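Understanding the architecture of this molecule
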Amino acid sequence: MLHERAQAKVNLYLHVGGRRADGYHALQSLVCFTDAGDELQFESASDLRLELEGPFGAVLGYTPDNLVLRAARALVQAAGRPLGARIRLIKVLPVASGIGGGSADAAAALRGLSRLWQLKLEPAQLEHIALELGSDVPVCLLSQPAEMSGRGEQVDKVEGLPQLPMLLVNPRVAVSTASVFRHLGRRADDPAPKAPAWPGLLTAGELVEWLKDTRNDMEDAARSIAPVIGKVLVQLERSGALITRMCGSGATCYGLFADAASCAGAAQAIASVQPGWWVYPTRIAGRF
Ligand code: C5P
């Protein structure tokens, strides 16, 4: 049996520009990956089958347009011959939560099934299939820190991000990305400021100061749909985060912390006040 991790994606900043001719918005984002993630298992089979497990498996529910199945079908089509697999998705990440769970699952399916079926697709072909599945799937295919631009198709690997402790908090309210895009108001269409020491090693302090000059342009629209996001940000601020911000289209938010002990303490404090929330202490990745 083959395994793949589908790691949660965090947009450390997310600047949303104007709408392009193809209807998508031009984005600028610094993305990192964390050790929070779903797991996918793959076995050879005569046809395509998907089983859902894990704490959020039932929430996701089975539909034929599940991104993992769509990824599998796209690969079968690219291979040009009938192929089957039994795929088990152990869903640990909250659904529709702004940390790219579905996109990471689709990307993990592309990686895992390419290995299972021994497909030798060109990287560009795999990236093309990934983009057809969703704007965040190409960066999730890489699953390493990257600057992302275009609608998501431009992915440039980034080295040297400090591995600061990070706390992810989701209030267990699903937010649809498409509806946040529809609610976007006017935004400053300016380029994100350049990092002070880029490319190269940033200190923790430099990273935090730089991030303070950036934004998540989806926050206002997401908060109008799910006001509880404001409460999550306040809880993170009160718990001593150096910086707090909403992830992607929400409702998950992140806080960065000076050390692992203060991150763990904040996780405990928030979980005790809000036992229904999903609270996950991790750090800015590297690889896991
Ligand atoms: O590409 P994906 O399927 O993930 O997009 C989900 C929704 O977000 C779509 O409604 C799309 O129009 C919108 N979107 C956008 N600009 C992007 C990415 C997504 O308008 N760069």
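Residues numbered from 1 in each chain as written. Predicted model: local features only at pLDDT ≥ 70, side-chain atom pairs only at ≥ 80, totals over all residues. Heavy atoms only, no water.

With that out of the way, let us pick up the site of the ligand. The full set of residues close to the ligand is Gly23, Tyr24, His25, Leu27, Gly134, Ser135, Arg151, Thr177, Ala178 and Phe181. Serine 135 is positioned with one of its side-chain polar atoms (N or O) 2.6 Å from an oxygen atom of the ligand. If the ligand stood free it would expose 450 Å²; the protein chains cover 71% of that surface. Under a 2 Å grid-point criterion requiring more than half of the atoms, the pocket assigned to the ligand is the largest pocket. Among the secondary structure elements, those contributing two or more residues to the shell around the ligand are strand S2 (25-44) and helix H6 (177-182). Here the element with the most residues in the shell around the ligand is H6; it accounts for three residues. (Near = heavy atom within 4 Å. Polar contact = N/O pair within 3.5 Å; in protein donor to acceptor, adjacent residues only side chain to side chain. Areas by Shrake-Rupley, 256 points an atom, 1.4 Å probe, with all protein chains shown as cover. 1 Å grid on protein atoms, 1.4 Å probe; cavity = no way out; pocket = protein on both sides within 12 Å on 5 of 7 lines; lining within 4 Å. Sits in = over half its atoms within 2 Å of the grid points. Helix = DSSP H or I, 4+ residues; strand = E, 2+ residues; numbered from the N terminus.)

Turning to the domain arrangement of the protein chain, a few remarks are in order. Per the domain assignment, the segments making up the protein chain are domain 1 (2-157) and domain 2 (165-285). The straight-line distance from the C-alpha centre of domain 1 to that of domain 2 is 22 Å. Between domain 1 and domain 2, the residue contacts involve 29 residues of the former and 38 residues of the latter. With both sides pooled, the region where domain 1 packs onto domain 2 buries about 2,600 Å², and carbon together with sulfur makes up 61% of that total. Here domain 1 and domain 2 share zero salt bridges between them. Summed over the shared surface of domain 1 and domain 2, the number is 13 residue pairs in polar contact (both at pLDDT 80 or more). Residue assignment for the side of domain 1 that touches domain 2 shows that the elements contributing at least two residues are strand S1 (2-19) and S2. Tallied by class, residues from the side of domain 1 that touches domain 2 come to 18 nonpolar, nine polar and two charged. (Domains from an automatic or database assignment. Contact = heavy atoms within 4.5 Å. Buried area = accessible area lost by both parts, 1.4 Å probe. Salt bridge = Lys/Arg side-chain N within 4 Å of Asp/Glu carboxyl O. Nonpolar A, V, L, I, M, F, W, Y, C, P; charged D, E, K, R; others polar.)

One recurring pattern in soluble globular proteins: nonpolar side chains tend to sit buried together. Among the nonpolar cores identified, the biggest contains 64 residues, and Leu40, Ile87, Leu110, Leu113, Trp117 and Leu167 are the most heavily contacted of them. Broken down by element, the residue count for this core peaks at eight residues, all from helix H3 (residues 101-116). Lining this core are residues from two domains, each supplying at least three of them: domain 1 (2-157) and domain 2 (165-285). With residues up to four places along the chain from it excluded, the contact list for leucine 167 reads Leu236, Cys253, Tyr254, Gly255, Phe257, Cys263, Ala266, Ala267, Ile270, Val279, Tyr280 and Pro281. Within the second largest apolar cluster, 28 residues are counted, among which are Leu12, Phe56, Ile99 and Met166. (Core = buried A, V, L, I, M, F, W, Y, C linked by side-chain atoms within 4.5 Å. Buried < 20%, exposed > 50% of the residue type's maximum accessible area, 1.4 Å probe, protein only.)

What follows deals with the state of the cysteines. Per the counting criterion, the structure on display carries zero disulfides. The structure places no disulfide on cysteine 140, whose sulfur is separated from the nearest cysteine sulfur, that of cysteine 32, by 11 Å. (Disulfide = S-S within 2.5 Å.)

With respect to the secondary-structure elements, leucine 67 resides in helix H2 (residues 67-79). Beyond its immediate sequence surroundings of up to four residues, leucine 67 is in contact with Gly102, Ser103, Ala106 and Leu133.

Take the sheet that holds strand S10 (residues 278-283) next. Taken in spatial order, the four strands line up as S8-S9-S7-S10 in an open sheet, and their pairing is antiparallel. Each edge of the sheet is formed by a strand with only one pairing partner; in this case those strands are strand S8 (243-246) and S10. Looking at each pair of strands side by side, their axes are set apart by 20° on average, direction ignored. The pairing of strand S7 (residues 165-170) with strand S9 (residues 253-256) spans four bridges and is antiparallel. Pairing of methionine 166 across the sheet is with leucine 256, part of S9. Against the sheet, helix H7 (residues 204-212) touches S8 and S9, its axis set at about 50° to S8. The strands touched by helix H10 (residues 260-273) within the sheet are S7 and S10, with S7 carrying the most contacts at an inclination of about 15°. (Pairing = 2+ DSSP bridges. Axes fitted to C-alpha atoms, helices over the stretch in contact; angles between N-to-C directions.)

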